[in-house]
Amino acid sequence: MGKNKEYCKHLEGQRRALAEHFEKIAQEQAKLYTVQDQELIGHWGKTVANCR
């Protein structure tokens, strides 16, 4: 497999993980404030920031 193809596969995997984290954050924020897990939101937020 060529380098470019490997990079594209790796990048697609990161995009998929980023989308999953955005979805998890949205699900937590949709809950009532008293039920939200702020630590999880913070964790996923840091992961998103690292990906960017």
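Coordinates for the structure precede this section.
Residues numbered from 1 in each chain as written. Predicted model: local features only at pLDDT ≥ 70, side-chain atom pairs only at ≥ 80, totals over all residues. Heavy atoms only, no water.

Right, let's talk about the overall build of the protein chain for a bit. Counting its secondary structure elements, the protein chain contains two helices and zero strands. Since a compact globule built from 52 residues should have a radius of gyration of about 10 Å, the 14 Å found for the protein chain marks it as more spread out than a globular shape. Each of the three principal axes of the protein chain carries a C-alpha extent, and together these read 50 × 15 × 10 Å. For the protein chain, buried positions account for 15% of its 52 residues. Total accessible area on the protein chain is roughly 4,500 Å²; 55% of this is exposed by carbon and sulfur atoms. (Helix = DSSP H or I, 4+ residues; strand = E, 2+ residues; numbered from the N terminus. Rg over C-alpha atoms; globule rule 2.2 N^0.38 Å. Buried < 20%, exposed > 50% of the residue type's maximum accessible area, 1.4 Å probe, protein only. Areas by Shrake-Rupley, 256 points an atom, 1.4 Å probe, with all protein chains shown as cover.)

The next thing to look at is the nonpolar core. General note: in soluble globular proteins, nonpolar side chains tend to be found buried as a group. The biggest cluster of nonpolar side chains holds five residues, and these are Leu18, Ile25, Ile41, Trp44 and Val48. When residues of this core are traced back to their parent elements, those giving at least two are α1 (3–30) and α2 (38–51). Here this core gets three residues from one element, more than from any other, and that element is α2. Not counting residues within four places of it along the chain, the set of residues in contact with Ile25 comprises Ile41, Trp44, Gly45 and Val48. (Core = buried A, V, L, I, M, F, W, Y, C linked by side-chain atoms within 4.5 Å. Contact = heavy atoms within 4.5 Å.)

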